[in-house]
Amino acid sequence: MNLARSRAMAGARLLGVVALSVALLGATVIFGATIGETQIPFHTVAATITNHLFGAGYPVDTIDAGIVWNYRLARAVVAAACGAALAVSGVVLQSLLRNALADPYLLGISAGASSGAVSVAILGLGGGLLTLSAGALCGALLAFSLVALLAVLAGRGPTAIILAGIAGSQLFNALTSFVVTKSASADEARGIMFWLLGNLSGVRWPDAWMAMPIVGLGLAVCLLHARSLDAFAFGTDAAAALGVPVRRVQATLIAITALMTAVMVSIVGSIGFVGLVIPHAAKLIVGVRHVVLLPAAALVGAVFLIGADVVSRTIIAGQVLPIGVITALVGAPAFALILVHRPSGAGGTAR
Amino acid sequence: MTLTAANLVRRANGRPLVDGVSLTAEPGECLAIVGPNGSGKTTLISMFAGLRLPHAGRVTLNGTPLHRLDRRSVARQIALVEQHAETGERLSVREVVDLGRIPHLGPLSPRGARDEAVVDRALVAVGMADMAGRSWHSLSGGERQRAHIARALAQEPQILILDEPTNHLDIEHQLAILALVTALDATIIVALHDLNHAAMFADRVAVMERGRLVAIGRPADVLTAERISAVFKVQATIEPTETGRGFIRFTAPSRPATWG
Ligand SMILES: Nc1ncnc2c1ncn2[C@@H]1O[C@H](COP(=O)(O)OP(=O)(O)OP(=O)(O)O)[C@@H](O)[C@H]1O
Ligand SMILES: [Mg+2]
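Residues numbered from 1 in each chain as written. Chains lettered and ligands numbered in written order. Predicted model: local features only at pLDDT ≥ 70, side-chain atom pairs only at ≥ 80, totals over all residues. Heavy atoms only, no water.

- As recorded in an unreviewed UniProt entry, chain B goes by ABC transporter ATP-binding protein and comes from Jiella flava.

- With an unreviewed UniProt entry as reference, chain A is termed Iron chelate uptake ABC transporter family permease subunit, source organism Jiella flava.
- Under the Sequence similarities (unreviewed entry) heading, UniProt states for chain A: "Belongs to the binding-protein-dependent transport system permease family. FecCD subfamily."
- Recorded in UniProt for chain A, the comment headed Subcellular location (unreviewed entry) runs: "Cell membrane". (UniProt positions renumbered as here; feature names shortened; annotations may be inferred.)

**Some points on the overall build of chain B**
- For chain B, the helix and strand inventory stands at nine helices and twelve strands.
- Radius of gyration (C-alpha) of chain B: 19 Å, near the 18 Å computed for a compact globule of 260 residues.
- By principal-axis analysis of the C-alpha atoms, chain B measures approximately 60 × 45 × 40 Å.
- Partitioning the intrachain contacts of chain B with sequence separation of at least 6 by distance along the chain shows that 64% fall at a separation of at least 24.
- Approximately 11900 Å² of chain B is accessible, and the part contributed by carbon and sulfur atoms is 52%.
- The distance from the centre of the 29 positive side-chain charges to the centre of the 27 negative ones in chain B is 7 Å. (Helix = DSSP H or I, 4+ residues; strand = E, 2+ residues; numbered from the N terminus. Rg over C-alpha atoms; globule rule 2.2 N^0.38 Å. Contact = heavy atoms within 4.5 Å. Areas by Shrake-Rupley, 256 points an atom, 1.4 Å probe, with all protein chains shown as cover. Lys, Arg positive; Asp, Glu negative; His and termini not counted. Charge placed at Lys NZ, Arg CZ, Asp CG, Glu CD.)

**Regarding the sheet that holds strand 1 (residues 3-12) of chain B**
Residue and element names in this part refer to chain B.
- Read across the open sheet, the four strands follow the order 2-1-4-5; overall the sheet is antiparallel. Edge positions in the sheet fall to strand 2 (15-25) and strand 5 (64-65), since each has one partner strand and no second.
- Across five bridges, strand 1 lies against strand 4 (residues 56-61) in antiparallel orientation. Opposite Ala5, over in strand 4, you have Val59 as the bridge partner.
- On the sheet, helix 1 (residues 41-48) packs against strand 1, strand 2 and strand 4 and is oriented at approximately 125° with respect to strand 1. (Pairing = 2+ DSSP bridges. Axes fitted to C-alpha atoms, helices over the stretch in contact; angles between N-to-C directions.)

**A word on the interface of chain B and chain A**
- Each partner contributes residues to the interface: chain B has 35 residues there, and chain A has 26 residues.
- Summed over both partners, the interface of chain B with chain A comes to about 2600 Å²; 59% of that surface belongs to carbon and sulfur atoms.
- At the boundary of chain B and chain A, one finds three salt bridges.
- Between Glu89 of chain B and Lys283 of chain A there is a salt bridge, with its nearest N and O atoms 3.3 Å apart.
- Counting across the interface, chain B meets chain A through eight residue pairs in polar contact (both at pLDDT 80 or more).
- Secondary-structure elements contributing two or more residues to the side of chain B that touches chain A are helix 2 (71-77), strand 6 (78-81), helix 3 (93-98) and helix 5 (141-154) of chain B.
- The residue inventory of the side of chain B that touches chain A, partitioned by class, reads 16 nonpolar, eight polar and eleven charged. (Buried area = accessible area lost by both parts, 1.4 Å probe. Salt bridge = Lys/Arg side-chain N within 4 Å of Asp/Glu carboxyl O. Polar contact = N/O pair within 3.5 Å; in protein donor to acceptor, adjacent residues only side chain to side chain. Nonpolar A, V, L, I, M, F, W, Y, C, P; charged D, E, K, R; others polar.)

**Quick notes on the site of ligand 1**
Residues and elements named next belong to chain B.
- The environment of ligand 1 is made up of 15 residues, and the closest members are Gly38, Lys41, Thr42, Thr43 and Gln83.
- The separation between an oxygen atom of ligand 1 and a polar side-chain atom of Arg15 is 3.4 Å.
- The contact in question runs from an oxygen atom of ligand 1 to an N or O atom on the backbone of Gly38, over 2.8 Å.
- Only strand 2 and helix 1 provide two or more residues apiece to the shell around ligand 1.
- Taken together, the residues that form the shell around ligand 1 break down as three nonpolar, nine polar and three charged. (Near = heavy atom within 4 Å.)

**Let's talk about the coordination of the magnesium ion (ligand 2)**
Residue and element names in this part refer to chain B.
- Around the magnesium ion (ligand 2), the protein contributes the donor atoms Thr42 (OG1) and Gln83 (OE1), at 1.9 to 2.3 Å from the metal centre. Of this pair, Thr42 sits in helix 1 while Gln83 sits in the loop between strand 6 and helix 3, placing them 41 residues apart in sequence.
- When its relative accessible area of 22% is taken as the criterion, Gln83 is described as partly exposed. (Donors = N, O, S within 2.8 Å, 3.2 Å for Na, K, Ca; no water. Buried < 20%, exposed > 50% of the residue type's maximum accessible area, 1.4 Å probe, protein only.)

**As for the confidence of the model for chain B**
- Averaged over every residue, the pLDDT of chain B is 92; the share at 70 or more is 98%.
- Both confidence scores are given for the complex: pTM 0.90, ipTM 0.91. (pLDDT = per-residue confidence, 0-100.)

**Some points on the state of the cysteines**
Residue and element names in this part refer to chain A.
- The final tally for this structure, using the stated rule, is zero disulfides over all chains.
- Cysteine Cys82 remains unbridged, with the sulfur of Cys222 as its closest cysteine sulfur at 15 Å.
- The class for Cys82 is buried, based on a relative accessible area of 2%. (Disulfide = S-S within 2.5 Å.)

**Overview of the pairing of strand 4 of chain B**
Residue and element names in this part refer to chain B.
- Direction of pairing for strand 4 relative to strand 5: antiparallel, over a ladder of two bridges. Bridging from a neighbouring strand, Thr60 pairs with Pro65 of strand 5.
- Taking the residues that link successive antiparallel strands as the turn, the strand 4-strand 5 hairpin has two residues, and the phi of Asn62 there is positive, at about 50°.

**Examining the pattern of salt bridges**
- One pass over the full model with this rule turns up 19 salt bridges over all chains.
- Residue Asp98 of chain B pairs with Arg289 of chain A through a salt bridge whose shortest N-O separation is 2.0 Å. Of this pair, Asp98 of chain B sits in helix 3 while Arg289 of chain A is found in the loop between helix 12 (274-286) and helix 13 (290-314), placing the two residues in two different chains.
- A residue is classified by how much of its surface remains accessible, and Asp98 of chain B, at 3% relative accessible area, is buried.
- Classification of Arg289 of chain A by relative accessible area gives partly exposed; the value is 28%.
- Its salt-bridge partner being Asp98 of chain B, residue Arg111 of chain B comes within 3.5 Å of it at the nearest N-O pair. Residue Arg111 of chain B is located in the loop between helix 3 and helix 4 (113-125), and its partner Asp98 of chain B is located in helix 3; the two are separated by 13 residues in the primary sequence.

**A short note on the UniProt feature "transmembrane region" (unreviewed entry) in chain A**
Residue and element names in this part refer to chain A.
- Per the UniProt record, the feature "transmembrane region" (unreviewed entry) sits at residues 73-93, 105-126, 132-153, 160-180, 208-226, 253-278, 284-308 and 320-341.
- Each end of residues 284-308 is marked by a C-alpha atom, and these two atoms are 20 Å apart; helix forms 88% of the span and strand 0%.
- Its end C-alpha atoms 33 Å apart, residues 320-341 is made of 82% helix and 0% strand.

Below is the structure:
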C-alpha cells in the first residue's frame, strides 16, 4: 500500500477518534447538567450554556440558568476532571509499580487528606483561615512526602513504595480516627464521614478552575512518558535496558500522580474505586499501549464519575448519597467481572 | 563498538560477587561467558549493560565510561536479553517486540514504517512471524525467550548481551538462536551453561569462578579437561572435531552424589 496514503489514513482515524471522544465527553457533561431533582428542560440547558460560552443572549429563567451553570455544570466538570485524574493516576501507578492492585490512594494521599481535613474542621487548625480543602491538600501532600521519604529509605523498589504507602496510610488513618473519636461531636463525625466518602455538593466554578488545569497538566506529563511506561512492562531493569532513566521517570510520575490525586481529594474527598477499576476497564477496551491507554482511561474515568454523580443525586429522592458509595457499588461488581473474565493464562493455578 | 571492562568489582553484603574482572569484547566477536551457578555471570552482565554501577573499576564503550553516556543512546547500541523477565500485562508478542524500538523513538515521534519493518524482520528472524498476535501469557517458556530475543534484535544493537538465552529452548531452537545471533553483524556477549555451545559458537570463552575471571581465550585453549574439572567439578574428555573447536564429552561421576 502507498505509504503516504496509509499515514494520512492513520491521521484521519486519529482525528476521528479524538473528535468522537471530545463529543462523548461534552455530551456527558451536558447530560450531567440536564439531569437533577429540579426538572429543567433540555432547551433551557442548551440556551444557558450557549449564553455563557458565546454570549448568545437567549432569554432563560435566571434561577434555572443558575442551577444549570453554577451548580450542575461546575459539578459535572469537576466530576469529569476528578474521574480523569484518578483513572490516569491509577494507570500510571499500576504500570510503574507493576501491581494490578495499585490505586492513587496507595501513596497515603487520601489518609493524609482526611487527617488534614479533620485538623481544620474539628481541631480548628489554621484559626479559620484554612478551608477544609486547603487543609486536606496540605495533609495529602504531607502524607505523600512522608511516604516518599520512607520509600526512598526502604530502597525505592515497587515493594518498598507499596509498603511505605501502607504504613503511611495506616498512620494517618489512625490520626484521623483519634481526632474524630476524641474531639468530634456526632454531627461533625457524620459530616467528616460524608466528606471522606466523596462529596461533590459544595463544588462551584472556582473548584473547576483548579481541577481542570491540574488534570490537563497531569495527563500531558504522563503522555510525554507514555513510551517509558510501556518499557516498565518487564520491570525496572528491562526499562533501564531500553534506555529509560528509571529513577527520574519514577520520581516525576509518582510526584505528578500524587499532585493530581491530592488536589482532587481536597476538592471532593476520597472517591474510591475509580483509580483501581477504570484502568482495568480501559485496558480491556484499548489494550496496554500507554499512548492510547492514558487518554482512554481519562475519558472513561470522566464519563464514569459524571454518571456516578448523577446517580448519587437522583437515586433516592430528596437525598444525595456520597458519590463514593455509588462508585464502590458499581465498581466492586465491575472489578469482580473483570477478574473473572481475565483471559486465561494470566492467573491460572493447578488443582 | 568496543566494550571494555576494567577491574570490575561489585559486592553485596560485603561479599564480592564480581571481583576484579577485566576484559574487552572486540567488535563483531562472539564472547561466551561460562561458569558454575552463582559465579557472577549475571552480575557481570548487568554492569556491561549499564544497569548496575560497579563498586570499583569501570565499563567503557569506545573509551567513554558507560555511566557518562545518556541511557537512551546506550540502549541504541547495547541490547540485553535478561535471564528472567516476566510481565503481568496483557501484551501481544508484537507489542513485546515493539518495545525494542523505544530507544529509537522520541517521546512524541510516532512509530514509522521503518520501525514496523524492523519489528517484522525481528519476528521472522526468531521464527515467530505467525505468532505476532498471540498473547504473552499463552506462550511457552521457549517462545517467550524467542520473543525477548526478537525484542532485542528490534533494538538494532551493535552489542547484544544475552544471559542464558537457550534456557527453555528445544534443541532445534537452541542451535538456531545461537546460529542466528552469532551470524549478526554485532558484538555478542552471551552467558551460556552448555560448554559445547560455547565451544561451537563462541570466538572466545571467558570462564568465571566465584566472581573472578579465571581464563579467557579461544574455546580450544580455554575449555580443557583440566580446567573443566577444576571449575565445574566434572570429568570430561575433549574429542577433536574437524572445526578444531573440540567436542566436550562428560563422563558420569564414578560415585554419584548421595542424598540423605
Ligand atoms: N542482591 C544480591 N545480594 C546478595 N547476593 C547476591 C545478590 N545478587 C546476586 N547475589 C549472589 O551473587 C552471586 C552471583 O550471582 P549471579 O546471578 O551473578 O550468578 P550467575 O553466574 O549468573 O549464576 P547462574 O548461573 O545461576 O545464573 C550468587 O552467589 C548470588 O547468590
Ligand atoms: Mg545468571
